[in-house]
Amino acid sequence: MTSIYQKLDSKIPPGPLAEKWDYYKNQVPLVSANNKRRIDVIVVGTGLAGASAAASLGELGYNVKVFTFHDSPRRAHSIAAQGGINAAKNYRNDGDSVYRLFYDTIKGGDYRAREANVYRLAQVSVNIIDQCVAQGVPFAREYGGLLDNRSFGGTLVSRTFYARGQTGQQLLLGAYQALSRQISLGSVKLYNRHEVLDIVIVDGKCRGVIARNLLTGELERHSAHAVILATGGYSNVFYLSTNAMLCNVTAAWRAHRRGAFFGNPCFTQIHPTCIPVSGDYQSKLTLMSESLRNDGRCWVPKDPADTQKHPNDIPEEARDYFLERRYPAFGNLVPRDIASRAAKAECDAGKGVGPSGLAVYLDFSDAIKRLGRETIAARYGNLFEMYEKITGENPYEVPMRIYPAVHYTMGGLWVDYELMTTIPGLYAAGEANFSDHGANRLGASALMQGLADGYFILPYTIGAYLSKEIRTGPISTDLPEFERTEREVADRIRRLMSIGGNESPESFHRRLGKIMWNKCGMSRNAKGLQEAIEEIRALREEFWRNLYVAGRADEFNPELEKAWRVADFLELGELICRDALHRNESCGGHFREEYQTADGEALRDDENYMYVAAWEWKGEDEQPVLHKEPLVYEEIKVAQRSYK
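Some words on the sheet that holds strand β17 (residues 426–428)
- The strand order across the open sheet built from 5 strands is β5-β2-β1-β9-β17, with neighbouring strands paired in parallel fashion. The sheet is open, and its two edges are formed by β5 (188–191) and β17, each paired on a single side. Neighbouring strand axes in the sheet, compared pairwise and without regard to direction, differ in orientation by 20° on average.
- With 4 bridges joining them, strand β1 (residues 40–44) and strand β9 (residues 226–229) adopt parallel strand pairing. From the neighbouring strand, Val43 faces β9, where its bridge partner is Ile228.

Topic: the packing of helix α1 (residues 20–27) against helix α12 (residues 446–466)
- Look at α1 against α12: their axes get within 10 Å of each other, and the N-to-C directions meet at 45°. With respect to α12, the element α1 is oriented oblique. For the pair α1 and α12, the crossing hand works out as left-handed. On the side of α1, the interface is formed by Trp21, Tyr24 and Lys25, while α12 contributes Phe456, Ile457, Tyr460, Thr461 and Ala464.
- Split by residue class, the contact of α1 with α12 holds 6 nonpolar, 1 polar and 1 charged.

Topic: the pairing of β1
- Burial runs high along β1: 4 of the 5 residues are buried.
- Bridge count between β1 and strand β2 (residues 63–67): 5 bridges; the pairing is parallel. Bridge pairing in β2 places Val44 opposite Phe67.
- Viewed along the sheet, the connection from β1 through helix α3 (residues 48–60) into β2 turns out right-handed.

Here we look at empty space enclosed by the protein
- Tallied over the full model, the rule gives 5 cavities of 30 Å³ or more.
- Taken as a whole, the largest cavity spans an internal volume of roughly 160 Å³.
- Looking at the largest cavity, it is lined by 15 residues, and the ones nearest its centre are Glu571, Glu574, Trp617, Glu622 and Pro624.
- If you list the elements that add at least two residues to the lining of the largest cavity, you get α7 (250–257), α15 (526–546) and α16 (558–582).
- It is α16 that contributes the most residues to the lining of the largest cavity, 4 residues altogether.
- Looking at the lining of the largest cavity, its residues break down into 4 nonpolar, 3 polar and 8 charged.
- Estimates place the volume of the second largest cavity at around 70 Å³.
- Contributing to the lining of the second largest cavity are Glu195, Leu197, Arg212, Leu214, Ile493, Leu560, Glu561, Trp564 and Arg565.
- The set of elements that each furnish at least two residues to the lining of the second largest cavity consists of β6 (194–202) and α16.
- It is α16 that contributes the most residues to the lining of the second largest cavity, 4 residues altogether.
- Counted by class, the lining of the second largest cavity contains 5 nonpolar, no polar and 4 charged residues.

Side note on the side chain of Gln449
- Relative to the elements of secondary structure, Gln449 occurs in helix α12.
- What makes Gln449 buried here is its relative accessible area of 1%.

Some words on α7
- Counting buried positions along α7 yields 7 of 8 residues, so the element is predominantly enclosed.
- Along α7, the positions that sit buried rather than exposed are Thr250, Ala251, Ala252, Trp253, Arg254, Ala255 and His256.
- Following α7 by one or two positions, Gly259 adopts a phi angle in the positive range, close to 130°.

Here we look at the pattern of salt bridges
- Under the defined criterion, the tally for this structure stands at 61 salt bridges.
- The salt bridge partner of Asp295 is Arg379, with a shortest N-O separation of 2.9 Å. With Asp295 in the loop between β11 (268–274) and β12 (297–301) and Arg379 in helix α11 (residues 373–391), the pair connects residues that are 84 residues apart, well separated along the chain.
- Residue Arg325 is joined to Glu346 by a salt bridge in which the shortest nitrogen-to-oxygen separation is 3.3 Å. Placement of the pair is Arg325 in helix α8 (residues 322–326) and Glu346 in helix α9 (residues 336–351), with a sequence separation of 21 residues.
- Overall, Glu346 belongs to the buried group, its relative accessible area being 7%.
- Among the charged side chains, a salt-bridge network with shared partners connects Asp110, Arg112, Asp337, Arg341, Arg583, Glu585, Arg604, Asp606 and Arg641.

Quick word on the pairing of strand β18 (residues 611–616)
- Of all 6 residues making up β18, 6 are buried, and the element is well covered by its neighbours.
- Pairing analysis gives 2 bridges linking strand β10 (residues 262–263) to β18, with the strands arranged antiparallel. Each residue of the ladder has a partner; that of Gly263, found in β18, is Ala614.
- Two elements, β18 and strand β19 (residues 625–630), share 6 bridges in a ladder whose sense is antiparallel. Paired with Ala613 across the strands is Lys628, a residue of β19.

The rules we used
- Residues numbered from 1 in each chain as written.
- Predicted model: local features only at pLDDT ≥ 70, side-chain atom pairs only at ≥ 80, totals over all residues.
- Heavy atoms only, no water.
- Pairing = 2+ DSSP bridges.
- Helix = DSSP H or I, 4+ residues; strand = E, 2+ residues; numbered from the N terminus.
- Axes fitted to C-alpha atoms, helices over the stretch in contact; angles between N-to-C directions.
- Parallel < 35°, antiparallel > 145°, perpendicular 65-115°, else oblique.
- Left-handed = near helix turned anticlockwise from the far one by under 90°.
- Contact = heavy atoms within 4.5 Å.
- Nonpolar A, V, L, I, M, F, W, Y, C, P; charged D, E, K, R; others polar.
- Buried < 20%, exposed > 50% of the residue type's maximum accessible area, 1.4 Å probe, protein only.
- Right-handed = clockwise from strand over helix to strand, strands pointing away.
- 1 Å grid on protein atoms, 1.4 Å probe; cavity = no way out; pocket = protein on both sides within 12 Å on 5 of 7 lines; lining within 4 Å.
- Points joined across faces, edges and corners; volume = space filled by probe spheres on them.
- Salt bridge = Lys/Arg side-chain N within 4 Å of Asp/Glu carboxyl O.

Rendered as structure tokens:
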């Protein structure tokens, strides 16, 4: 039998950690300018990772096709990121460095990330800010005109660059401008309102995609020498999440079914700063930026009898600033997983506030007294306005109410150092891959990773593969592999449309989300996970027996789009639970109730679980196969994570 490690060559370059990326760039094969014109690349997704990758590869001279299911690339979910982007510039002269950003990221991920990838991310972070400033991104500036910084959770320095509470939007507009320029020059062709439903494998290599024109329902074949998936994360498997309603796992999951290993699927992040659920009718949750914890203080009443009082009527001595009490070194700026579990613990103890009892206060009264209302408005004004529009409460006068919610997914397609999956020619970038965040992502690092992958990493690493494709020539979409894959997609669509049951895709999605949240959410245990696996399997069987999809397949049909995505979520949900069940430890966003310290902190098992769990698809009725990539730390001393 083949060793499980032979399939997981991470391709980490030799040499000291700080020199690996430079060594790689000096040794990587290149494609000459005249030969780049012979090479076709497909990019799926137009968020920060996809737009920056497509723009960069187009600028280099490759022929690029980029796909988005939106009407415009500007609607990608990257636009929703609010608080900022990390970079080790040390503009505040507060002791920051590339190494410190690297260390904070590894520690924040609870020592479950690949060391070489994370160090590279910290290295290129300093270039991202210069790139974005050159594009005109309006980062906040200090009085003297220099770029401003603020702190985020899990760090003791200020390294987060921001544009009020609209950082993701401004960065995406910068990437969109670069992409639009390449579209106008003809090096990039944009396919909007197209959803990629499968990838095509020819002679063991990824050679294209099958896409559906969402306006006409027509299936299309598109070929390329390499394909990049930059399709974001899969948090919507929980139904209620901070993700946009259209966010899904379909492209990544279809790649997984074709042979791409899925890495660490159970590592899903719970964000502590979300507007609480207000009723069963909700289909989405609204994020309040983690940047608010710079000046907002989290508290609950010390006495459970005070939870229904107006917060302004509760005196200072009757308030428990629980994060400051439990984690004095970091206070309200502990990492997201720590803050989320602490808030849940207070609510479980009967100290939760609001109508549901599932909320804690985020209070800005002290900051307003200290800094003035104008300063707070300049930092967070649009976030305060959004909160007031949703809740009807003015956070300048009344503390916000927040509660944790599913946000980001650290898991994703397994990739090597070059960001290639286990399918040759198929790459995954940004949140679609697993590579940089371990078991928990630090705030303001998602935008950093997306732009690092697209602007500074893939333009180098993809050349290592494409340098061998110069003589391949154009790839025909008339190949039998394209015909067979398109037929399989069409058959699946016909199957979804012909079930003729009584329950909508939305209803099945909501039911799946409740299973996932209740039994694989903020905390997990073996009994609940085993129950979840059986319940999801039963729900999936019912889905294929009782689904009803309105409309026709040969027209614009959002119900059909939803049905396809929910079908994939039903398979992914089971894998997430299996991954969580096999990992008998607590780390980062994966908190197994059986494995915790006496004071409720995560209890890792480094001896048995210091590896990337990479799952191989074996069939719909077959158990997936677990492969392991050992995590070896050369520069970091592994220790129990403490923010006290």
